[in-house]
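Each chain is listed here by its residues.
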Amino acid sequence: MMQLSIPLNFIGTLYREISTGLIDMEAMFNLLDEPQEVVDSPAATELVVSDGAIAFKDVYFSYDPDREILKGVTFEVPAGKTVAVVGPSGAGKSTLSRLLYRFYDVKAGSIEIDGQDIRNVTQASLRKVIGMVPQDTVLFNDTIAYNIGYGNVAAGKAEVEDAAERAQIAHLISTLPKGYETEVGERGLKLSGGEKQRVAIARTLLKSPPILILDEATSALDTHTEREIQASLDDVSKNRTTLVIAHRLSTVVGADEILVLKDGVVAERGRHAELMKLKGLYYAMWERQRAADAARENLAKVEAEV
Ligand code: ATP
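Per-chain numbering applies: the sequence of each chain, read as written, is numbered from 1 onward. Given that the model is predicted, a residue must reach a pLDDT of at least 70 before its local features are reported, and side-chain atom pairs must reach 80 or more before they are shown or counted; all residues, however, enter totals for whole chains, interfaces and linings. Side-chain descriptors were evaluated using all non-hydrogen atoms of the structure, hydrogens and water having been removed beforehand.

A.B. asks: Is there a simple way to explain the overall build of the protein chain in this structure?
C.D. replies: Only DSSP runs of H or I with at least four residues qualify as helices, and only runs of E with at least two residues qualify as strands; both kinds are numbered from the N terminus onward. Scanning the protein chain for helices and strands turns up 10 helices and 10 strands. For the protein chain, the proportion of its 306 residues judged to be buried stands at 46%. Here, residues are in contact when the closest pair of their heavy atoms is within 4.5 Å. By sequence separation, contacts in the protein chain at least 24 residues apart represent 73% of the contacts at least 6 residues apart. Carbon and sulfur atoms form 55% of the exposed surface of the protein chain, whose accessible area is close to 16,200 Å². Partly exposed residues are those whose accessible area sits between 20% and 50% of the maximum for their type, while under 20% is buried and over 50% is exposed, using a 1.4 Å probe and protein chains only. Each accessible area is a Shrake-Rupley estimate made with a 1.4 Å probe; only the visible protein chains count as cover when residues are assessed.

A.B. asks: What should I look at first to understand the site of the ligand in this one?
C.D. replies: Distances are taken per atom, and a residue is near a molecule or strand as soon as one of its heavy atoms is within 4 Å of it. Residues in close proximity to the ligand total 16 residues, the closest being Arg67, Ser89, Gly90, Lys93 and Thr95. With respect to the ligand, the backbone of Ser94 contributes an N or O atom lying 2.8 Å from an oxygen atom. Pairing of N or O atoms within 3.5 Å defines a polar contact, subject to two protein rules: one partner must be a possible hydrogen donor and the other a possible acceptor, and residues neighboring in sequence count only if both atoms are side-chain atoms. Taking Arg98, its side chain carries an N or O atom lying 3.4 Å from an oxygen atom of the ligand. Burial of the ligand by the surrounding chains reaches 70%, relative to a free accessible area of 640 Å². Side-chain classes are defined by residue name, with Ala, Val, Leu, Ile, Met, Phe, Trp, Tyr, Cys and Pro counting as nonpolar, Asp, Glu, Lys and Arg as charged, and the others, Gly among them, as polar. Residues that form the shell around the ligand fall into these classes: 5 nonpolar, 7 polar and 4 charged.

A.B. asks: Just to check I follow, could you spell out the sheet that holds strand S4 (residues 108-113) for this structure?
C.D. replies: Within a sheet, adjacent strands bond to each other through the backbone by hydrogen bonds, running parallel or antiparallel. Spatial ordering of the open sheet is given by S2-S1-S4-S5, a layout of 4 strands whose pairing is antiparallel. The two strands at the open ends of the sheet, each matched to only one other strand, are strand S2 (70-77) and strand S5 (116-117). Here S4 pairs with S5 via 2 bridges, running antiparallel. From the neighbouring strand, Glu112 faces S5, where its bridge partner is Asp117. By the convention used here, strands pair only if DSSP detects at least 2 bridges between them.

A.B. asks: Teacher, can you tell me more about the packing of aromatic side chains here?
C.D. replies: How two aromatic rings sit relative to each other is given by the distance of their centres and the angle of their planes. Ring geometry is summarised as follows: Phe, Tyr and Trp rings, the Trp one being its six-membered ring, pair when their centres sit within 6.5 Å, and such pairs are stacked at plane angles under 30 degrees, edge-to-face over 60 and tilted between the two. On inspection of all chains with the given rule, the structure shows 9 aromatic pairs. Seen in terms of ring centroids, Phe56 and Phe75 are 4.5 Å apart; in terms of plane orientation they differ by 15°. Their pairing is stacked. One end of the pair, Phe56, is in strand S1 (residues 54-61); the other, Phe75, is in strand S2, with 19 residues separating them in the sequence. Both residues of the pair, Phe56 and Phe75, belong to the buried class. Here the aromatic cluster, defined as three or more aromatic residues joined through ring pairs, consists of Phe61, Tyr63 and Tyr104.

A.B. asks: It is not clear to me how the sheet that holds strand S7 (residues 211-215) should be interpreted in this structure. Could you clarify?
C.D. replies: Taken in spatial order, the 6 strands of this open sheet run S6-S7-S8-S3-S9-S10, and their pairing is mixed. With partners counted over all chains shown, the strands left at the sheet margins are strand S6 (130-133) and strand S10 (265-270), one partner each. On average, each strand axis in the sheet is tilted by 20° relative to the strand beside it, whichever way the strands run. Note: strand S9 (residues 257-262) against S10, 5 bridges, orientation antiparallel. In the strand pairing of S10, Lys262 is matched with Val265. Simply put, an axis is a line fit to the C-alpha atoms, just over the touching stretch for a helix, and the angle between two N-to-C directions goes from 0 to 180 degrees. Strand contacts of helix H7 (residues 193-207): S6 and S7, with the helix running at about 170° to S6, the strand carrying the most contacts.

A.B. asks: Whenever I open this one, the pairing of S9 confuses me. Can you help?
C.D. replies: Along a regular strand, successive side chains alternate from one face of the sheet to the other. Most of S9 sits inside the fold, with 5 of its 6 residues counted as buried. As defined by bridge partners, strand S3 (residues 82-86) adjoins S9 across 4 bridges and the pair is classed as parallel. Opposite Val85, over in S9, you have Leu259 as the bridge partner.

Structural data, given as structure tokens:
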């Protein structure tokens, strides 16, 4: 009996590991919710990052042949700087981040990192140097510690806790009876969008990549949560080359350059103050947001009084 139970236990463990592995694989693809279309060329080399400077050079892209999404987009993100992209829904902002992560290849033009065309390097070496905080983070069906530690599997408990602290999620974790061992994901504790994003930020802090893509969630966050997330995003993007796909204008004020993307072209570019002076698209977006914020605050006041 004894002899039999050991192999059965072993098979049980193996089965659990395999099925967790499969769920992880699945989650990994869902995590970014993107197809795996691009294949490494046989001559692909390893990307060598010296500074982490990004250059989009006259980039054209379409998902479908009859509808062009990007029509000659050129910009640089110098090493360690932050460039934010704003613009109307559907303008092609997130497409820029998908191209940089190489879910798709450009149709014309090129994207370079430290002078190397990303089409000529292996995807593994490209993705190793890029941290991605996506709009909607999909968590693994596992503990919070696992979900954060995934950014760097070699990280110890203290490092995981430090990352959680910096991503401003540690306080929430401390209120849970099982703390870092709390199961999250589909079958566990459901975290809010903002909380999930902070888990993704903690994961990225642990990975500590030289290049960062932040794709902000479209959903409105309350002011307090927005401030907390902003603080952790500022922390994670410090001294890293950062491309922010911004949906909240408050995020972009401090950016080194802001691009206003409209109909697949860069319609305006500059720093916040310069763009405000232009009184163009960017200015109009701010005015609209200000009006929406004021309306939201009024509503909150009325609700508080009732
Ligand atoms: P939002 O602010 O709403 O997130 P966005 O500026 O980030 O919008 P993108 O997600 O880059 O916009 O999408 C640009 C356009 O490409 C949209 O019209 C979208 O419908 C289209 N698009 C996005 N993904 C695909 C896809 N996989 N296949 C076909 N069309 C797509």
